[in-house]
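So the chains spell out like this:
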Amino acid sequence: MHIRDATMEDLPVIVAIYNISVPTRMVTADLEPVSVASRQKWFEEHSPSHRPLWVAQDGDQIVGWLSYSSFHARCAYHATCEVSIYLAADHRRRGLGTQLVQRCIEHAPRIGVTTLVGLIFGHNDPSLGLFEKMGFSRWGYLPRVAVLDGVERDLVIVGRRV
């Protein structure tokens, strides 16, 4: 497995992996697939030196990605990032998530990040388990803040100082 900085040419595959998760109602609050065009600005907000976006490659195929996103626009939060991770369905539960999150934790100090947070649905046991295994703790709980197909869902905020 090779992990590298994403390029603009990777954006269609990044979006495709993201869109695979939409119908599962486990990972994202988007209710419909997103377009590549709608994710262009998001992509441009990332940079290797400040807010990395990485892709994981198995051979020549991109099979997952991880992004650091600014937690909040206000300056006092500059050292806190939200971590997002998405994996192709056939590459889950194979250690790739662990590799990506471990690299994220190790890399954070190099870009001035001291705190990592994740926003995870309360019913997403695999993601909650991954982040717990990687040393994240539950820092917040927002009951019934999302509605997915008529079902109210909780949001768990996990965090870790690095």
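Scroll up a little and you will see the structure.
Only a predicted model underlies this, so the values are computations on that prediction, with no experimental measurement involved.

**Some thoughts on the overall build of the protein**
Point 1. Summing up its helical and strand segments, the protein has four helices and seven strands in all.
Point 2. Starting at the N terminus and ending at the C terminus, the protein contains elements arranged as β-α-α-β-β-β-α-β-α-β-β.
Point 3. The C-alpha radius of gyration computed for the protein amounts to 15 Å, which stays within 12% of the reference 15 Å derived for 162 residues, consistent with globular compactness.
Point 4. Viewed in the frame of its principal axes, the protein has a C-alpha envelope of about 40 × 35 × 30 Å.
Point 5. Scored against the burial criterion, the 162 residues of the protein give a buried share of 44%.
Point 6. Of the contacts made within the protein by residues no fewer than 6 positions apart, 62% connect residues no fewer than 24 positions apart.
Point 7. Entry remark: accessible area of the protein is about 8600 Å², with carbon and sulfur atoms responsible for 52%.
Point 8. Distance between charge centroids for the protein: 7 Å, based on 17 positive and 17 negative side chains.

**A look at the pairing of strand E6 (residues 137-148)**
Point 1. Two strands pair when backbone bridges link them, and E6 and strand E7 (residues 151-161) are joined in this way by eight bridges, in the antiparallel orientation. For Tyr141, the partnering residue across the bridge sits in E7 and is Val156.
Point 2. What sits between the antiparallel neighbours E6 and E7 is a turn of two residues, in which Asp149 has the positive phi angle 55 degrees.

**Things to note about the layout of surface pockets**
Point 1. Of the volumes computed, that of the largest pocket is approximately 520 Å³.
Point 2. Taken together, 21 residues line the largest pocket, and the ones lying closest to its centre are Leu87, Arg92, Arg93, Pro126 and Ser127.
Point 3. Going through the elements one at a time, strand E4 (80-87), helix H3 (96-107) and helix H4 (125-133) are the ones with two or more residues in the lining of the largest pocket.
Point 4. Per-element tally for the lining of the largest pocket: the top contributor is H4, with six residues.
Point 5. When grouped by side-chain class, the residues that make up the lining of the largest pocket number nine nonpolar, eight polar and four charged.
Point 6. The space that makes up the second largest pocket amounts to roughly 430 Å³.

Calculation notes
Residues numbered from 1 in each chain as written. Predicted model: local features only at pLDDT ≥ 70, side-chain atom pairs only at ≥ 80, totals over all residues. Heavy atoms only, no water. Helix = DSSP H or I, 4+ residues; strand = E, 2+ residues; numbered from the N terminus. Rg over C-alpha atoms; globule rule 2.2 N^0.38 Å. Buried < 20%, exposed > 50% of the residue type's maximum accessible area, 1.4 Å probe, protein only. Contact = heavy atoms within 4.5 Å. Areas by Shrake-Rupley, 256 points an atom, 1.4 Å probe, with all protein chains shown as cover. Lys, Arg positive; Asp, Glu negative; His and termini not counted. Charge placed at Lys NZ, Arg CZ, Asp CG, Glu CD. Pairing = 2+ DSSP bridges. 1 Å grid on protein atoms, 1.4 Å probe; cavity = no way out; pocket = protein on both sides within 12 Å on 5 of 7 lines; lining within 4 Å. Points joined across faces, edges and corners; volume = space filled by probe spheres on them. Nonpolar A, V, L, I, M, F, W, Y, C, P; charged D, E, K, R; others polar.

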